[in-house]
Amino acid sequence: MANAVRDELRFILNAEVVHMRDVSPTLTLLDYLRLQRRLTGTKEGCAEGDCGACTVLVGRLGHSGLVYETVNACIRFMGSLDACHIVTIEHLAGVNGQLHPVQQAMVDFHGSQCGFCTPGIVMSLYGLWLQTPNADAAHIEKTLQGNLCRCTGYEAIMDAAKAMADADNSGDKLIVTHDTIAAKLKELSDGIRVDIETSSGRLIVPGSVDDLGEILQTNPEATIVAGSTDVGLWVTKHMRDISPTVFINHLAELQEIAEDDDGITLGAGVTYSDAFDAICGTAPTMGDLWDRIGGEQVRNMGTVGGNIANGSPIGDTPPPLIALGARVTLQSGTDIRTIDLEDFFIDYGKQDRAPGEFVRSVHIPRLPEGEHFAVYKISKRRDEDISAVCSAFRVALDESGAVASARLAFGGMAATPKRAKAAEKALTGQPWNEATVDAAMAALQSDFTPLTDWRASAEYRMLATKNLLKRFYLETQGQTVQVTRHKPDMAEA
Amino acid sequence: MNDASNARSSTAISGGVHTPRRHDSAHKHVTGTAEYIDDMAEPSGTLHAYLGLSERANAVITSMDLDAVRAAPGVVGVLTAADIPGENDISPTHRHDEPVLSDGTSAFYGQPIFAVIAESRDAARRAALLAKVDYEDRPHHIDVVSAVEAGYPHVTDPLQLRNGDAEGALATATNRLSGEMRIGGQDHFYLEGQIALAVPGEDDEVTVYSSTQHPSEIQHMVSQALGTASNAVTVQTRRMGGGFGGKETQGNQFAAIAAIAAKRYNRAVKIRPDRDDDMTATGKRHDFHVTYDVAYDDNGRIEALDAVYAARCGFSSDLSGPVTDRALFHSDNCYFLPNVRLRSRPMKTDTVSNTAFRGFGGPQGKLGGERVIEEIAYALGKDPLEIRKANFYGIDERNVTPYHQVVEDNIIHRIVDELEASSDYQVRRKAVLAHNAKGGVLRKGISLTPVKFGISFTATWFNQAGALVHIYQDGSIHLNHGGTEMGQGLNTKVAQVVADEFQVDLETIRITATSTGKVPNTSATAASSGSDLNGMAAANACGQIKARLVAYASEHFGVPAEQVVFVPNHVRVGNQLIPFPELVRQAYTHRVQLSAAGFYKTPKIHWDRQKGQGRPFFYFAYGASVSEVTIDTLTGEYHVDRVDILQDVGKSLNPAIDMGQVQGAFVQGMGWLTTEELWWDDNGRLRTHAPSTYKIPLASDKPKEFNVELANWSTNKERTIRRSKAVGEPPFMLANSVLEALSMAVASVADYRECPRLDAPATPERILLAVERLKKV
């Protein structure tokens, strides 16, 4: 059956409904705004989603209705914005040009110096203010993880962010227009495939998951783009051709989060932000890790499915998911198979995914009662950095206090995310005490031969990995052995 | 007559000096309407240039096939060294060692070797990747120590500072120790990258919009590369999205290429490198290797110091001479060195040419000096603060620097005493020691470090400035000066000075883009000198106009000149109170010139580099900080728990802006000493060239508790603009206390018996490896 096809994107930009036909699969939102619309308030600082100068809000219809989230316009492709509401700094101006309360707070507290990062910071704070006007310092800092400022030292920005709590947000433009915009986006979400071919490539937005399956069967070489937090850089940094490009971030079926007694199942398109609540329920410390993946904008775009599908040896989610025994479901056409996540990673850059196949979902078992678990990420900078090492530890003790089972999984230590079989063996059956841990630390030496690169030396990676096992042990003994900035979330403790 | 001006206060002006006015562009920053060069409406037909970069650290280029580049879609042309009509050189110190485009060699990995000009930036960028370049490799040395060992030359003449007899005093030392320290570089990471837009004019004229701290130098370099006179080139800078020294000389290359292409194709040309290329192809803060040999008595008082500061300068001199000089000028920090020999080694390396960066060598100089203090403290088993105090410059004695300038304005004792008390340093230090005595994984450290920073360009002739002030017939004032606005609030401060001079509200004054056509022969906005120099030049211009207005009023109204007084928004002439715009209008009709070019040169300073003697600095700015940190001895991770700062800014022109400078400089300095690490691979390729790999501080890295105070009792002993002091660079070095606090936490694992000799940046990796090392002591 021939599907209906639409040959244009439709979205709302600030107050204007836009129909766009001539759109390349690699056209970024930032270039569209700056070059085609001359909306130059949004800045390019890095073109890789790490500085936040290009932060805008994107409103999309999720399971709970219309939500506005901060995203990095520099690595967000236009093809992923069908039926979305794009809100830029230019939309904040009040009638008669008066400043928005968030902007006014930034002025009053001297929150800008050179001003180049400022529109992005205003947009991040605006996104926060819409949801949580009276956020505490920890929440504000988390919101600003993806916004670099080189001038102020952030103190004045933090003061401004705390002060904006005083402003009532009920009259805010996006709150007032919420229902109208939601209705308009619903109207634009017609479930029809978008297929646009230009001289610079072809972009496809499937109408449904079945449609996606069909598209990939006929275009097995297509690049699948969900959050584009990685693929975005293939384009902006490596000038790679990714056509034909299939955008999947909008597919409702891939956004499902199912919870049962055993654990949770995340659709491949679920973003880190959307997954947060469910993931916190799987095992202790998962929420802490989650808060350190990228910055807020990246967490609003990036997906767990994408983190897995890319197979990076330094992806943050595979180590804890492997330790928890996660399984990944892949779909090819309408055929579906499920494998252990640890088996998905074959070698560097090589995953168990056939052409035309896509990651459909990942199932993450909840940590059984009584077992010990922790995941630790080590990076040069605490937040918004890529792991030097990411280590997940899970042990079950028997009644005698001996280790009944151990699953230790690591990122940054090998060509793929990988379990430490020798260390696991050294633990299993042994009493859970310092001597056993020392033996397992020594065994890690035979599990891994890490690399030296700009994130860490081989020596440090090995030493830190061993010591993290010791940290894990000490924490199971009730000791506080981590540096913390803010008190851990009580729900997490 | 203007009703609005009538409504203005006659009791006080708004926005005069010493008031915390907001940044003049704040409302534009927050609305995204502040215009940066990439935001400007492009002239019709604007072309875009992109650089082709070499891929060898040290090689001869044996062939360069650019046919595919030329044939790529949208390409208009390709420029190589042969296409430069004038001189292929942008060396800011005129040593002729820095080409616009390299000619036949690759002097570092990432050196620009050609430029593509195309209809769009994307087309130019894609085309640049199509070049086929063959190289013949030569051995390369990217590290300063490796360059020294390989016998590499200096890129510029080294400096030696001597006072007393260092060698003799070392030979008869009470106690003596020696050591070495590595200090990493730093990328500026201005949020707005390098950019230039050149618009061709008639004859040989060209206008260049450049994100630069030094429009006059851009003008000179562009005219040199074009082979035209300076009067054909106009350079304009409204604002930068951050500079920090990275746009003092590094904009030359981009401006030159844009201008050459603009003249060649007779179309406007814009050039803006991607962040990765910006970080690869432009210079950074110098890395240093410091060796020291020190003699000291049993109280920790220094008897003699002999130190060598070797710096990774890169392939050319750029500003490495003055940078390494300033490192020596600041290695004494606040300490009297009775017998001293300091030597610089500006080493050539096969890396990008390093350049100015906030502090300009001073931070590295100071860090080396502070390491010496730390070494003595650990050797004697004392609090480093005690050693610091024992070595502070005296007021009337022990006050001569290694460059023979007498420290005449020393306030470090009061600064440190006040901070020590307000931060509760002694009690907290006891608590830190008690915490560490319990053992455990988490260790703490606390440190108080002082700063004394010399203000003035050490090249004496740079200490001059111009300004241009017009009053129009409606009484509104147009202000232009030679300084550039990079976020530091210079324009706001200078406008406050002008408001104060005329006693008019700040809103009366419009600040306009820096232009070489309005104020010529300017110095870089650098060395923290912006408001000192330009504020004075603007005041001078105002003074000229005021004198004319006074003369006119005195004559016209028949009152003595002393009875013509500028009062808020009015001029009192005898018994009459005339609104300022009214007097201006009258003066105009009586043919009084209402415009003036102001000028200022810093008095008292002189410097003889050959002798290593003089008074290079007009005055010193002081400050001190206390940092408390916690480290994790299993992973090396750490956190800055609390920082207290007391900074001397003289009598602040604008306390709000100065506070922002102090906070921002501290966090930037903290980044330099903690997470900002430059990492080159074995091929000499910089692998930390974007924010994904190069980590500057985030909001969640700033000190958890951050108490910053300006020393409100301070006033500049010298006659600076309204007795204020420079603020841009000095507080950067307050971050030294973070490194030393980390060091103390590390030292605790060996019960403080040994100085941890922590190199910078103290990444978690360096902390952990230092902990492991000390555990074995």
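These figures come from a predicted structure and were not determined experimentally.

Secondary structure assignment for chain A yields 18 helices and 21 strands. Projected onto the principal axes, the alpha-carbon positions of chain A cover approximately 70 × 60 × 40 Å. A burial count over chain A gives 62% of its 493 residues as buried. Contacts in chain A between residues far apart in sequence, at least 24 positions, make up 65% of those at least 6 positions apart. Counting only carbon and sulfur atoms, one obtains 49% of the accessible surface of chain A, whose full area is about 17,700 Å². Side-chain charges in chain A split into 44 positive and 65 negative, and the spacing between the mean points of these groups amounts to 4 Å.

We now examine the pattern of salt bridges. For the structure on display, the rule yields 89 salt bridges over all chains. Its salt-bridge partner being aspartate 7 of chain A, residue arginine 21 of chain A comes within 3.4 Å of it at the nearest N-O pair. You can see arginine 21 of chain A sitting in the loop between strand E3 (16-20) and helix H1 (29-36) and its partner aspartate 7 of chain A sitting in the loop between strand E1 (5-6) and strand E2 (9-13), a full 14 residues away along the chain. Since its relative accessible area comes to 40%, aspartate 7 of chain A is described here as partly exposed. Of the charged contacts, one joins lysine 389 of chain B and glutamate 420 of chain B as a salt bridge, the two residues approaching to 2.5 Å between their closest N and O atoms. Here lysine 389 of chain B is found in helix H12 (residues 384-391), whereas its partner glutamate 420 of chain B is found in helix H13 (residues 412-422), with 31 residues between them in sequence. Here lysine 389 of chain B falls in the partly exposed class, since its relative accessible area comes to 33%. Of the residues examined, glutamate 420 of chain B reaches a relative accessible area of 14% and is grouped as buried. By sharing partners, the salt bridges in this structure join Arg34, Lys43 and Glu44 of chain A together with Asp38, Asp39, Glu42, Lys270 and Arg272 of chain B into a single network.

Moving on: the UniProt feature "domain: FAD-binding PCMH-type" (unreviewed entry) in chain A. According to UniProt, the positions carrying the feature "domain: FAD-binding PCMH-type" (unreviewed entry) are residues 196-369 of chain A. A distance of 51 Å separates the end C-alpha atoms of residues 196-369 of chain A, which is 30% helix and 28% strand.

With that out of the way, let us pick up the nonpolar core. Phe502 and Phe666 of chain B are the most contacted members of the largest nonpolar core, which totals 154 residues. Counting residues per element, this core draws most heavily on helix H16 (residues 530-557) of chain B, which supplies twelve residues. Judged by nonpolar contacts, the second largest core, of 61 residues, contains Tyr68, Val87 and Ala161 of chain A together with Tyr36 of chain B.

Right, let's talk about the interface of chain A and chain B for a bit. Interface size is commonly expressed as the accessible surface area that is lost when the partners come together. On the chain B side, the residues contacting the 77 residues of chain A number 84 residues. With both chains or domains summed, chain A and chain B bury close to 6,600 Å², and 58% of this area falls on carbon and sulfur atoms. The largest share of the area that chain A buries against chain B comes from Arg150, Lys380 and Arg485 of chain A, three residues that together contribute 15% of it. Run the count over chain A and chain B and you get twelve salt bridges. The partner of arginine 272 of chain B in a salt bridge is glutamate 44 of chain A, and the shortest N-O contact between them spans 2.9 Å. Where chain A packs against chain B, one counts 40 residue pairs in polar contact (both at pLDDT 80 or more). Elements that contribute at least two residues to the side of chain A that touches chain B include exactly helix H2 (101-108), helix H3 (118-131), helix H5 (155-163), strand E18 (372-378) and helix H18 (458-476) of chain A. Per element, the largest residue contribution to the side of chain A that touches chain B is nine residues, and it comes from H18 of chain A. In the side of chain A that touches chain B, the residues fall into 32 nonpolar, 22 polar and 23 charged.

All right, on to the UniProt feature "domain: Aldehyde oxidase/xanthine dehydrogenase a/b hammerhead" (unreviewed entry) in chain B then. UniProt annotation of "domain: Aldehyde oxidase/xanthine dehydrogenase a/b hammerhead" (unreviewed entry) refers to residues 31-139 of chain B when read in the numbering used here. The distance separating the terminal C-alpha atoms of residues 31-139 of chain B is 51 Å; by composition the span is 13% helix and 31% strand.

Residues and elements named next belong to chain B. If you walk across this open sheet you meet the four strands as E19-E18-E17-E24, and the pairing is mixed. The open sheet has two free edges, formed respectively by strand E19 (509-511) and strand E24 (595-601), since each of these has just one partner strand. In this sheet, adjacent strand axes meet at a mean angle of 20 degrees when their direction is disregarded. Examined bridge by bridge, strand E18 (residues 477-481) and E19 share three bridges and lie parallel to one another.

The next point concerns the side chain of glutamate 374 of chain B. Residues and elements named next belong to chain B. Turning to its location among the elements, glutamate 374 is positioned in helix H11 (residues 362-380). Residue glutamate 374 is classed as buried on the basis of its relative accessible area, which comes to 7%. Separated by 2.4 Å, the side chains of glutamate 374 and serine 743 make a polar contact. Excluding residues that lie within four positions of it along the chain, glutamate 374 makes contacts with Glu740, Ser743 and Cys755.

Residues and elements named next belong to chain A. Scanning the model with the defined rule gives zero disulfides over all chains in all. The structure places no disulfide on cysteine 74, whose sulfur is separated from the nearest cysteine sulfur, that of cysteine 54, by 3.7 Å. Sulfur of cysteine 390: no disulfide; nearest cysteine sulfur belongs to cysteine 280 and is 15 Å away. A residue is classified by how much of its surface remains accessible, and cysteine 390, at 0% relative accessible area, is buried.

Before going further, it helps to spend a moment on the domain arrangement of chain B. Residue and element names in this part refer to chain B. Domain boundaries assigned for chain B yield domain 1 (3-34 + 464-601) and domain 2 (403-459 + 605-777). Distance between the C-alpha centres of domain 1 and domain 2: 37 Å. In this assembly, 27 residues from domain 1 lie in contact with 24 residues from domain 2. Carbon and sulfur atoms make up 58% of the area that domain 1 and domain 2 hide from each other, which totals about 1,900 Å². Per-residue buried area on domain 1 facing domain 2 is highest for His18, Lys493 and Ser528; these three make up 34% of the total on that side. On the surface where domain 1 and domain 2 come into contact, there are three salt bridges. A salt bridge links arginine 722 to glutamate 501; the shortest N-O distance between them is 3.0 Å. Linking domain 1 with domain 2 are nine residue pairs in polar contact (both at pLDDT 80 or more), by the criterion used here.

The rules behind the values
- Residues numbered from 1 in each chain as written.
- Chains lettered and ligands numbered in written order.
- Predicted model: local features only at pLDDT ≥ 70, side-chain atom pairs only at ≥ 80, totals over all residues.
- Heavy atoms only, no water.
- Helix = DSSP H or I, 4+ residues; strand = E, 2+ residues; numbered from the N terminus.
- Buried < 20%, exposed > 50% of the residue type's maximum accessible area, 1.4 Å probe, protein only.
- Contact = heavy atoms within 4.5 Å.
- Areas by Shrake-Rupley, 256 points an atom, 1.4 Å probe, with all protein chains shown as cover.
- Lys, Arg positive; Asp, Glu negative; His and termini not counted.
- Charge placed at Lys NZ, Arg CZ, Asp CG, Glu CD.
- Salt bridge = Lys/Arg side-chain N within 4 Å of Asp/Glu carboxyl O.
- UniProt positions renumbered as here; feature names shortened; annotations may be inferred.
- Core = buried A, V, L, I, M, F, W, Y, C linked by side-chain atoms within 4.5 Å.
- Buried area = accessible area lost by both parts, 1.4 Å probe.
- Polar contact = N/O pair within 3.5 Å; in protein donor to acceptor, adjacent residues only side chain to side chain.
- Nonpolar A, V, L, I, M, F, W, Y, C, P; charged D, E, K, R; others polar.
- Pairing = 2+ DSSP bridges.
- Axes fitted to C-alpha atoms, helices over the stretch in contact; angles between N-to-C directions.
- Disulfide = S-S within 2.5 Å.
- Domains from an automatic or database assignment.

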